[in-house]
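Structural overview
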Amino acid sequence: MAQIPQNLTDGSLKKLLPRNNKRTLYSDPIRKGFYVEVSAGGNVSFLYRYQQEGSAKKYGLGKHPSTTLLQARTKWLEAQHAVSEGKDVTLGIYTDEETNFEKITIDEIFSQLCEEDLADSMKSITLNTAKNNYQNHIMNGIGHMPINDVNSIPLINKYVIEPVSSKGMARMPNVIFTLLSQIWRFAEVKGYLGKNPYQPFNSMNRPIKKENKGSRVLDDAEIKIFWNGMDSMNQMDPLTRLGLKLLLVTAVRKNELLTAEWKDIDLNTGCWTIPAEHAKSGVEWNVALSPLAVELFEDAKLLHKRVRAMPLGRNTLDQWLLRGHERLNLDKFTPHDLRRTNRTLMAQLGVPYHTAEKALDHKLRASSIEETYNKYDYFEERQEASLLVSNHIRGLI
(Lines give C-alpha, C1' and ligand atoms only; values in the text may rest on other atoms or scores of the structure.)
Protein backbone atom coordinates (compact mmCIF):
# COMPACT_ATOMS: atom_id res chain seq x y z
CA MET A 1 0.00 0.00 0.00
CA ALA A 2 1.20 3.50 -0.83
CA GLN A 3 2.36 5.71 2.02
CA ILE A 4 1.72 9.38 2.68
CA PRO A 5 4.86 11.34 1.79
CA GLN A 6 6.74 13.18 4.53
CA ASN A 7 5.93 16.82 5.21
CA LEU A 8 2.44 16.45 3.73
CA THR A 9 0.51 19.73 3.50
CA ASP A 10 -2.88 20.82 2.21
CA GLY A 11 -1.11 22.07 -0.89
CA SER A 12 0.79 18.87 -1.58
CA LEU A 13 -2.39 16.79 -1.12
CA LYS A 14 -3.30 17.88 -4.65
CA LYS A 15 -0.25 16.00 -5.94
CA LEU A 16 -1.53 12.64 -4.66
CA LEU A 17 -2.89 10.77 -7.66
CA PRO A 18 -4.90 7.54 -8.07
CA ARG A 19 -2.72 4.68 -9.22
CA ASN A 20 -3.74 2.87 -12.42
CA ASN A 21 -6.84 5.10 -12.52
CA LYS A 22 -8.28 3.29 -9.50
CA ARG A 23 -9.10 4.41 -5.99
CA THR A 24 -5.88 4.52 -3.99
CA LEU A 25 -5.31 4.51 -0.23
CA TYR A 26 -2.26 6.26 1.20
CA SER A 27 -1.43 5.13 4.74
CA ASP A 28 0.19 7.33 7.35
CA PRO A 29 3.34 5.58 8.70
CA ILE A 30 3.11 7.55 11.96
CA ARG A 31 -0.60 7.82 12.68
CA LYS A 32 -2.02 4.31 12.92
CA GLY A 33 -5.25 3.90 10.95
CA PHE A 34 -5.10 7.35 9.33
CA TYR A 35 -5.49 7.19 5.56
CA VAL A 36 -5.77 9.59 2.68
CA GLU A 37 -8.06 8.20 -0.01
CA VAL A 38 -7.80 9.43 -3.61
CA SER A 39 -10.74 8.43 -5.79
CA ALA A 40 -10.43 7.40 -9.42
CA GLY A 41 -11.51 10.94 -10.30
CA GLY A 42 -8.77 12.51 -8.14
CA ASN A 43 -10.92 13.64 -5.20
CA VAL A 44 -9.26 13.47 -1.79
CA SER A 45 -10.87 12.35 1.47
CA PHE A 46 -9.66 11.20 4.88
CA LEU A 47 -10.37 7.87 6.57
CA TYR A 48 -9.83 6.19 9.89
CA ARG A 49 -9.58 2.39 9.63
CA TYR A 50 -9.54 0.26 12.74
CA GLN A 51 -10.42 -3.09 14.32
CA GLN A 52 -13.20 -3.38 16.88
CA GLU A 53 -14.64 -6.58 18.34
CA GLY A 54 -12.86 -8.62 15.69
CA SER A 55 -14.30 -6.65 12.76
CA ALA A 56 -12.56 -4.27 10.38
CA LYS A 57 -14.26 -0.88 10.29
CA LYS A 58 -13.72 2.46 8.61
CA TYR A 59 -14.87 5.95 9.47
CA GLY A 60 -14.94 9.00 7.21
CA LEU A 61 -13.07 12.01 8.56
CA GLY A 62 -14.10 14.44 5.84
CA LYS A 63 -13.37 15.44 2.27
CA HIS A 64 -10.63 17.81 1.21
CA PRO A 65 -10.60 20.80 0.87
CA SER A 66 -13.70 21.41 3.03
CA THR A 67 -11.87 19.43 5.72
CA THR A 68 -8.23 20.47 6.10
CA LEU A 69 -5.40 18.06 6.84
CA LEU A 70 -5.11 19.45 10.37
CA GLN A 71 -8.84 19.05 11.00
CA ALA A 72 -8.74 15.47 9.71
CA ARG A 73 -5.83 14.61 11.99
CA THR A 74 -7.65 16.15 14.93
CA LYS A 75 -10.72 14.05 14.16
CA TRP A 76 -8.50 10.99 13.84
CA LEU A 77 -7.12 11.59 17.37
CA GLU A 78 -10.65 11.97 18.78
CA ALA A 79 -11.88 8.87 16.95
CA GLN A 80 -8.87 6.83 18.06
CA HIS A 81 -9.52 7.85 21.66
CA ALA A 82 -13.21 6.95 21.36
CA VAL A 83 -12.35 3.51 19.97
CA SER A 84 -9.90 2.90 22.83
CA GLU A 85 -12.85 3.47 25.21
CA GLY A 86 -14.94 0.90 23.33
CA LYS A 87 -17.15 3.37 21.50
CA ASP A 88 -18.32 2.75 17.94
CA VAL A 89 -17.32 5.92 16.12
CA THR A 90 -19.40 4.97 13.07
CA LEU A 91 -22.41 6.02 15.18
CA GLY A 92 -21.06 9.57 15.27
CA ILE A 93 -18.92 11.37 17.84
CA TYR A 94 -18.97 14.91 16.45
CA THR A 95 -21.56 17.58 17.13
CA ASP A 96 -20.00 20.67 15.52
CA GLU A 97 -21.66 22.24 12.50
CA GLU A 98 -19.18 20.77 10.00
CA THR A 99 -20.00 17.20 10.93
CA ASN A 100 -23.71 17.62 11.47
CA PHE A 101 -25.11 15.49 8.65
CA GLU A 102 -28.78 15.74 9.55
CA LYS A 103 -29.63 17.48 6.28
CA ILE A 104 -27.45 15.53 3.86
CA THR A 105 -29.70 14.35 1.06
CA ILE A 106 -29.97 10.97 -0.61
CA ASP A 107 -28.82 12.57 -3.89
CA GLU A 108 -25.63 13.77 -2.20
CA ILE A 109 -24.97 10.40 -0.60
CA PHE A 110 -25.52 8.50 -3.85
CA SER A 111 -23.11 10.81 -5.67
CA GLN A 112 -20.49 10.18 -2.99
CA LEU A 113 -21.19 6.43 -3.05
CA CYS A 114 -20.56 6.31 -6.81
CA GLU A 115 -17.30 8.18 -6.56
CA GLU A 116 -15.83 6.57 -3.47
CA ASP A 117 -17.11 3.01 -3.67
CA LEU A 118 -18.99 1.87 -6.77
CA ALA A 119 -16.53 3.42 -9.25
CA ASP A 120 -13.83 1.06 -8.01
CA SER A 121 -15.92 -2.03 -7.40
CA MET A 122 -18.02 -2.02 -10.59
CA LYS A 123 -17.28 -2.18 -14.29
CA SER A 124 -18.15 1.08 -16.06
CA ILE A 125 -21.15 -0.50 -17.77
CA THR A 126 -22.54 -1.71 -14.40
CA LEU A 127 -21.87 1.65 -12.75
CA ASN A 128 -23.75 3.44 -15.53
CA THR A 129 -26.64 1.03 -15.07
CA ALA A 130 -26.72 1.82 -11.32
CA LYS A 131 -26.74 5.56 -12.10
CA ASN A 132 -29.55 5.14 -14.63
CA ASN A 133 -31.59 3.07 -12.17
CA TYR A 134 -31.13 5.74 -9.52
CA GLN A 135 -32.14 8.56 -11.87
CA ASN A 136 -35.14 6.69 -13.27
CA HIS A 137 -36.55 5.13 -10.11
CA ILE A 138 -35.20 6.81 -6.95
CA MET A 139 -34.12 10.39 -7.59
CA ASN A 140 -37.51 11.92 -8.38
CA GLY A 141 -39.21 10.19 -5.46
CA ILE A 142 -36.85 10.72 -2.51
CA GLY A 143 -33.52 11.97 -3.90
CA HIS A 144 -34.04 15.53 -2.65
CA MET A 145 -34.93 14.40 0.88
CA PRO A 146 -32.44 14.34 3.77
CA ILE A 147 -31.74 10.69 4.45
CA ASN A 148 -32.66 11.08 8.13
CA ASP A 149 -36.14 12.24 7.10
CA VAL A 150 -36.74 9.06 5.12
CA ASN A 151 -37.49 7.14 8.27
CA SER A 152 -40.40 4.86 7.49
CA ILE A 153 -40.93 1.78 5.39
CA PRO A 154 -44.34 3.00 4.09
CA LEU A 155 -42.67 6.17 2.77
CA ILE A 156 -40.03 4.18 0.85
CA ASN A 157 -42.69 1.85 -0.51
CA LYS A 158 -44.95 4.74 -1.58
CA TYR A 159 -42.36 6.85 -3.38
CA VAL A 160 -40.00 4.19 -4.76
CA ILE A 161 -40.92 0.50 -4.56
CA GLU A 162 -44.61 0.71 -5.51
CA PRO A 163 -44.07 3.00 -8.56
CA VAL A 164 -41.35 0.63 -9.83
CA SER A 165 -43.55 -2.44 -9.29
CA SER A 166 -46.43 -0.82 -11.18
CA LYS A 167 -44.32 -0.52 -14.34
CA GLY A 168 -44.33 -4.28 -14.83
CA MET A 169 -40.54 -4.63 -14.95
CA ALA A 170 -40.05 -8.11 -13.54
CA ARG A 171 -36.69 -7.79 -11.73
CA MET A 172 -36.46 -4.03 -11.24
CA PRO A 173 -38.14 -3.83 -7.79
CA ASN A 174 -35.45 -6.12 -6.37
CA VAL A 175 -32.69 -4.25 -8.21
CA ILE A 176 -33.87 -0.95 -6.72
CA PHE A 177 -34.24 -2.53 -3.27
CA THR A 178 -30.59 -3.65 -3.44
CA LEU A 179 -29.41 -0.21 -4.58
CA LEU A 180 -31.29 1.50 -1.75
CA SER A 181 -29.71 -0.92 0.72
CA GLN A 182 -26.26 0.03 -0.59
CA ILE A 183 -27.02 3.72 -0.13
CA TRP A 184 -28.14 3.24 3.48
CA ARG A 185 -25.20 1.00 4.39
CA PHE A 186 -22.78 3.53 2.91
CA ALA A 187 -24.49 6.35 4.84
CA GLU A 188 -24.19 4.36 8.07
CA VAL A 189 -20.47 3.71 7.53
CA LYS A 190 -19.94 7.43 6.84
CA GLY A 191 -21.74 8.38 10.03
CA TYR A 192 -24.51 10.22 8.18
CA LEU A 193 -27.27 8.41 10.07
CA GLY A 194 -26.27 9.82 13.44
CA LYS A 195 -25.96 8.11 16.80
CA ASN A 196 -29.04 5.93 16.31
CA PRO A 197 -28.90 4.87 12.67
CA TYR A 198 -32.17 3.80 11.12
CA GLN A 199 -31.77 0.94 8.65
CA PRO A 200 -35.20 0.27 7.11
CA PHE A 201 -33.82 -2.48 4.90
CA ASN A 202 -33.00 -4.64 7.89
CA SER A 203 -36.73 -5.16 8.45
CA MET A 204 -38.11 -4.78 4.91
CA ASN A 205 -38.86 -7.81 2.79
CA ARG A 206 -37.66 -7.91 -0.79
CA PRO A 207 -40.47 -6.83 -3.16
CA ILE A 208 -40.17 -10.12 -5.04
CA LYS A 209 -39.08 -13.02 -2.80
CA LYS A 210 -38.54 -15.38 -5.70
CA GLU A 211 -37.68 -13.82 -9.02
CA ASN A 212 -38.98 -15.27 -12.24
CA LYS A 213 -35.82 -16.05 -14.19
CA GLY A 214 -37.76 -16.00 -17.45
CA SER A 215 -39.01 -18.78 -19.69
CA ARG A 216 -40.97 -16.91 -22.37
CA VAL A 217 -40.12 -17.97 -25.92
CA LEU A 218 -41.98 -16.87 -29.04
CA ASP A 219 -43.09 -19.75 -31.25
CA ASP A 220 -43.09 -19.55 -35.06
CA ALA A 221 -46.62 -18.18 -35.27
CA GLU A 222 -45.82 -15.49 -32.70
CA ILE A 223 -42.60 -14.53 -34.50
CA LYS A 224 -44.61 -13.95 -37.65
CA ILE A 225 -47.20 -11.84 -35.82
CA PHE A 226 -44.45 -9.89 -33.99
CA TRP A 227 -42.51 -9.08 -37.18
CA ASN A 228 -45.34 -8.39 -39.60
CA GLY A 229 -47.49 -6.72 -36.95
CA MET A 230 -44.84 -4.09 -36.28
CA ASP A 231 -44.44 -3.51 -40.02
CA SER A 232 -48.15 -2.73 -40.27
CA MET A 233 -48.02 -0.07 -37.52
CA ASN A 234 -47.45 3.18 -39.39
CA GLN A 235 -47.24 5.22 -36.20
CA MET A 236 -44.46 3.09 -34.69
CA ASP A 237 -41.04 4.71 -34.49
CA PRO A 238 -38.99 2.99 -37.23
CA LEU A 239 -35.83 2.86 -35.12
CA THR A 240 -37.69 1.12 -32.30
CA ARG A 241 -39.02 -1.39 -34.82
CA LEU A 242 -35.51 -2.08 -36.16
CA GLY A 243 -34.10 -2.36 -32.65
CA LEU A 244 -36.59 -5.04 -31.62
CA LYS A 245 -36.01 -6.98 -34.83
CA LEU A 246 -32.24 -6.84 -34.33
CA LEU A 247 -32.57 -8.25 -30.81
CA LEU A 248 -34.37 -11.26 -32.27
CA VAL A 249 -32.01 -11.72 -35.23
CA THR A 250 -28.66 -11.15 -33.44
CA ALA A 251 -29.47 -12.44 -29.92
CA VAL A 252 -27.34 -9.70 -28.35
CA ARG A 253 -28.20 -8.17 -24.99
CA LYS A 254 -30.30 -5.02 -25.09
CA ASN A 255 -27.59 -2.80 -23.62
CA GLU A 256 -25.06 -4.11 -26.14
CA LEU A 257 -27.36 -3.02 -28.95
CA LEU A 258 -28.10 0.40 -27.43
CA THR A 259 -24.41 1.20 -26.91
CA ALA A 260 -23.27 -0.06 -30.34
CA GLU A 261 -21.38 2.47 -32.46
CA TRP A 262 -21.10 2.43 -36.24
CA LYS A 263 -17.31 2.32 -36.09
CA ASP A 264 -17.55 -1.15 -34.51
CA ILE A 265 -20.00 -2.56 -37.09
CA ASP A 266 -18.53 -3.79 -40.37
CA LEU A 267 -21.46 -4.43 -42.67
CA ASN A 268 -19.17 -5.58 -45.48
CA THR A 269 -17.68 -8.49 -43.52
CA GLY A 270 -20.74 -9.06 -41.32
CA CYS A 271 -18.76 -8.61 -38.10
CA TRP A 272 -19.88 -6.42 -35.21
CA THR A 273 -17.28 -5.94 -32.47
CA ILE A 274 -18.65 -5.30 -28.98
CA PRO A 275 -15.94 -3.59 -26.85
CA ALA A 276 -15.15 -4.97 -23.41
CA GLU A 277 -16.64 -1.91 -21.68
CA HIS A 278 -20.01 -2.57 -23.34
CA ALA A 279 -20.03 -6.36 -22.93
CA LYS A 280 -21.63 -7.95 -19.90
CA SER A 281 -18.77 -10.45 -19.77
CA GLY A 282 -16.24 -7.62 -19.62
CA VAL A 283 -14.42 -9.17 -22.60
CA GLU A 284 -14.49 -7.93 -26.19
CA TRP A 285 -16.35 -10.25 -28.52
CA ASN A 286 -17.52 -10.35 -32.15
CA VAL A 287 -21.10 -10.85 -33.28
CA ALA A 288 -21.57 -12.75 -36.55
CA LEU A 289 -24.11 -10.80 -38.59
CA SER A 290 -26.39 -12.60 -41.02
CA PRO A 291 -27.49 -10.92 -44.26
CA LEU A 292 -30.83 -10.16 -42.56
CA ALA A 293 -29.08 -8.40 -39.68
CA VAL A 294 -26.94 -6.44 -42.15
CA GLU A 295 -30.12 -5.31 -43.96
CA LEU A 296 -31.64 -4.10 -40.68
CA PHE A 297 -28.52 -2.12 -39.80
CA GLU A 298 -28.45 -0.63 -43.30
CA ASP A 299 -32.06 0.50 -42.83
CA ALA A 300 -31.06 2.13 -39.54
CA LYS A 301 -28.23 3.97 -41.25
CA LEU A 302 -30.72 5.60 -43.59
CA LEU A 303 -32.63 7.03 -40.62
CA HIS A 304 -29.88 9.01 -38.90
CA LYS A 305 -26.20 9.96 -38.90
CA ARG A 306 -25.40 9.66 -35.20
CA VAL A 307 -22.44 7.88 -33.61
CA ARG A 308 -24.55 5.18 -32.00
CA ALA A 309 -26.32 2.77 -34.29
CA MET A 310 -29.44 2.61 -32.10
CA PRO A 311 -29.78 6.00 -30.36
CA LEU A 312 -32.79 4.97 -28.26
CA GLY A 313 -33.61 5.52 -24.61
CA ARG A 314 -32.59 2.83 -22.16
CA ASN A 315 -36.20 1.71 -21.56
CA THR A 316 -37.69 2.51 -24.99
CA LEU A 317 -37.80 -1.10 -26.19
CA ASP A 318 -39.15 -2.41 -22.85
CA GLN A 319 -41.86 0.24 -22.72
CA TRP A 320 -42.99 -0.37 -26.29
CA LEU A 321 -43.35 -4.12 -25.69
CA LEU A 322 -45.14 -3.46 -22.40
CA ARG A 323 -47.91 -1.73 -24.36
CA GLY A 324 -47.35 -3.14 -27.84
CA HIS A 325 -47.80 -6.83 -27.04
CA GLU A 326 -51.53 -6.19 -26.52
CA ARG A 327 -51.82 -4.40 -29.86
CA LEU A 328 -50.17 -7.43 -31.46
CA ASN A 329 -52.53 -9.79 -29.58
CA LEU A 330 -49.54 -11.59 -28.05
CA ASP A 331 -48.87 -12.66 -24.48
CA LYS A 332 -46.51 -10.34 -22.61
CA PHE A 333 -42.80 -10.65 -23.39
CA THR A 334 -39.63 -8.59 -22.90
CA PRO A 335 -36.60 -7.67 -25.04
CA HIS A 336 -34.61 -10.41 -23.31
CA ASP A 337 -37.21 -12.97 -24.36
CA LEU A 338 -36.26 -12.22 -27.98
CA ARG A 339 -32.70 -13.26 -27.18
CA ARG A 340 -34.02 -16.45 -25.56
CA THR A 341 -36.17 -17.10 -28.63
CA ASN A 342 -33.10 -16.92 -30.88
CA ARG A 343 -31.21 -19.36 -28.65
CA THR A 344 -34.17 -21.75 -28.74
CA LEU A 345 -34.31 -21.54 -32.54
CA MET A 346 -30.62 -22.46 -32.71
CA ALA A 347 -31.31 -25.58 -30.66
CA GLN A 348 -34.31 -26.49 -32.82
CA LEU A 349 -32.23 -26.05 -35.99
CA GLY A 350 -29.48 -28.35 -34.73
CA VAL A 351 -26.79 -25.77 -33.91
CA PRO A 352 -24.17 -27.41 -31.63
CA TYR A 353 -24.16 -26.35 -27.99
CA HIS A 354 -20.70 -24.72 -28.03
CA THR A 355 -21.55 -22.65 -31.10
CA ALA A 356 -24.92 -21.51 -29.76
CA GLU A 357 -23.51 -20.52 -26.37
CA LYS A 358 -20.65 -18.60 -27.98
CA ALA A 359 -23.22 -16.81 -30.15
CA LEU A 360 -24.74 -15.43 -26.92
CA ASP A 361 -21.34 -14.60 -25.36
CA HIS A 362 -21.99 -17.18 -22.65
CA LYS A 363 -19.23 -18.98 -20.82
CA LEU A 364 -19.07 -22.60 -21.84
CA ARG A 365 -19.80 -25.31 -19.31
CA ALA A 366 -16.30 -26.69 -19.30
CA SER A 367 -13.54 -27.73 -16.95
CA SER A 368 -11.13 -25.06 -15.75
CA ILE A 369 -8.44 -26.65 -17.93
CA GLU A 370 -10.61 -26.39 -21.06
CA GLU A 371 -11.50 -22.77 -20.25
CA THR A 372 -7.79 -22.02 -19.93
CA TYR A 373 -6.71 -23.59 -23.20
CA ASN A 374 -9.73 -23.46 -25.52
CA LYS A 375 -9.75 -19.89 -26.84
CA TYR A 376 -11.42 -20.69 -30.15
CA ASP A 377 -14.29 -18.24 -30.77
CA TYR A 378 -16.30 -20.41 -33.24
CA PHE A 379 -16.86 -17.33 -35.45
CA GLU A 380 -17.29 -19.25 -38.71
CA GLU A 381 -19.65 -21.71 -37.04
CA ARG A 382 -21.57 -18.79 -35.54
CA GLN A 383 -21.91 -17.24 -38.99
CA GLU A 384 -23.55 -20.44 -40.20
CA ALA A 385 -25.81 -20.55 -37.15
CA SER A 386 -26.83 -16.93 -37.63
CA LEU A 387 -27.67 -17.63 -41.25
CA LEU A 388 -29.76 -20.67 -40.26
CA VAL A 389 -31.82 -18.64 -37.78
CA SER A 390 -32.25 -15.70 -40.15
CA ASN A 391 -33.36 -17.92 -43.02
CA HIS A 392 -35.86 -19.56 -40.67
CA ILE A 393 -37.25 -16.14 -39.73
CA ARG A 394 -37.38 -15.09 -43.39
CA GLY A 395 -39.42 -18.19 -44.13
CA LEU A 396 -41.94 -17.17 -41.49
CA ILE A 397 -42.40 -13.54 -42.48
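Let me begin by describing the structure that accompanies this report. (Residues numbered from 1 in each chain as written. Predicted model: local features only at pLDDT ≥ 70, side-chain atom pairs only at ≥ 80, totals over all residues. Heavy atoms only, no water.)

A word on the nonpolar core. Formed by 54 residues in total, the largest nonpolar core has its most connected members in Phe226, Leu244, Ile265, Trp272, Leu289, Phe297 and Met310. Broken down by element, this core gets its largest block of residues, seven residues, from helix H8 (residues 238-250). Sequence-distant contacts of Met310, that is, excluding residues within four places in its chain, are made with Leu239, Leu242, Gly243, Leu246, Leu257, Leu258, Ala260 and Ala300. Listed in part, the 27 residues of the second largest apolar core include Ile104, Ile109, Ile161 and Ile176. (Core = buried A, V, L, I, M, F, W, Y, C linked by side-chain atoms within 4.5 Å. Buried < 20%, exposed > 50% of the residue type's maximum accessible area, 1.4 Å probe, protein only. Helix = DSSP H or I, 4+ residues; strand = E, 2+ residues; numbered from the N terminus. Contact = heavy atoms within 4.5 Å.)

Attention now goes to the sheet that holds strand S7 (residues 271-274). Taken together, three strands build an open sheet; the order of strands is S6-S7-S8 and the sheet is antiparallel. Looking at strand neighbours, the two that pair on one side only are strand S6 (265-266) and strand S8 (285-288), the edges of this open sheet. In terms of strand pairing, S6 meets S7 through two bridges, oriented antiparallel. Counted as the bridge partner of Asp266 is Cys271 from S7. (Pairing = 2+ DSSP bridges.)

Read from one edge to the other, the open sheet built from five strands follows the order S1-S2-S3-S4-S5, with strand pairing classed as mixed. Either end of the sheet is taken by a strand with one partner, and the two such strands are strand S1 (2-3) and strand S5 (55-63). Pairing of S1 with strand S2 (residues 24-27) involves two bridges; the strand directions are parallel. Within S2, the position partnered with Ala2 by the bridge is Tyr26. In the packing of helix H1 (residues 69-84) onto the sheet, the strands contacted are strand S3 (34-38), strand S4 (44-52) and S5, and the crossing angle to S4 comes to about 10°. Those strands touched by helix H6 (residues 172-190) are S4 and S5, and its axis lies near 80° from that of S5. (Axes fitted to C-alpha atoms, helices over the stretch in contact; angles between N-to-C directions.)

Before going further, it helps to spend a moment on helix H11 (residues 316-327). Residues that lie three or four places apart on an α-helix share one face, since the helix turns once every 3.6 residues. The end-to-end C-alpha distance of H11, which contains 12 residues, comes to 16 Å, matching closely the 16 Å that a straight helix rising 1.5 Å per residue would cover. All of the buried residues in H11 are Leu317, Trp320, Leu321, Gly324 and His325. Down the axis of H11, the buried set is contained in an arc of 120°. They therefore lie on one face. Residues of H11 that are exposed and angled more than 90 degrees away from the buried face: Arg323 and Glu326. Where H11 is buried, its residues meet helix H7 (220-231), H8, helix H9 (254-258) and helix H12 (335-348). Count one or two residues on from H11 and you reach Asn329, which has phi positive near 60°. (Expected span 1.5 Å × (residues − 1). Arc of directions from axis to C-beta.)

In this section: the pairing of S3. With five of five residues buried, S3 is to be regarded as a mostly interior element. Side chains Phe34, Val36 and Val38 of S3 all project onto a buried face; the interleaved residues Tyr35 and Glu37 project onto the opposite face, where all are buried too. Bridge analysis of S2 against S3 gives four bridges, and the strand direction is antiparallel. Of the residues in S3, the one forming a bridge with Thr24 is Val38. If you look at the hairpin formed by S2 and S3, you'll find six residues sitting between the two strands, and Gly33 has a positive phi there, around 90°. Examined bridge by bridge, S3 and S4 share five bridges and lie antiparallel to one another. Each bridged residue has a counterpart across the sheet, and for Tyr35 the counterpart in S4 is Leu47.

Glancing now at the packing of aromatic side chains. Throughout the structure, instances matching the rule amount to seven aromatic pairs. Taking 4.0 Å as the distance between ring centres and 5° as the angle between the ring planes, the aromatic pair formed by Phe110 and Tyr134 counts as stacked. Of this pair, Phe110 sits in helix H2 (residues 106-121) while Tyr134 sits in helix H3 (residues 124-137), and the two are 24 residues apart along the sequence. Like Tyr134, Phe110 is buried. Look at Trp262 and Phe297: their rings are 6.0 Å apart centre to centre, the planes differ by 75°, and that puts the pair in the edge-to-face class. (Phe/Tyr/Trp six-rings, centres within 6.5 Å; stacked < 30°, edge-to-face > 60°.)

Read these as spatial facts, not as claims about activity.
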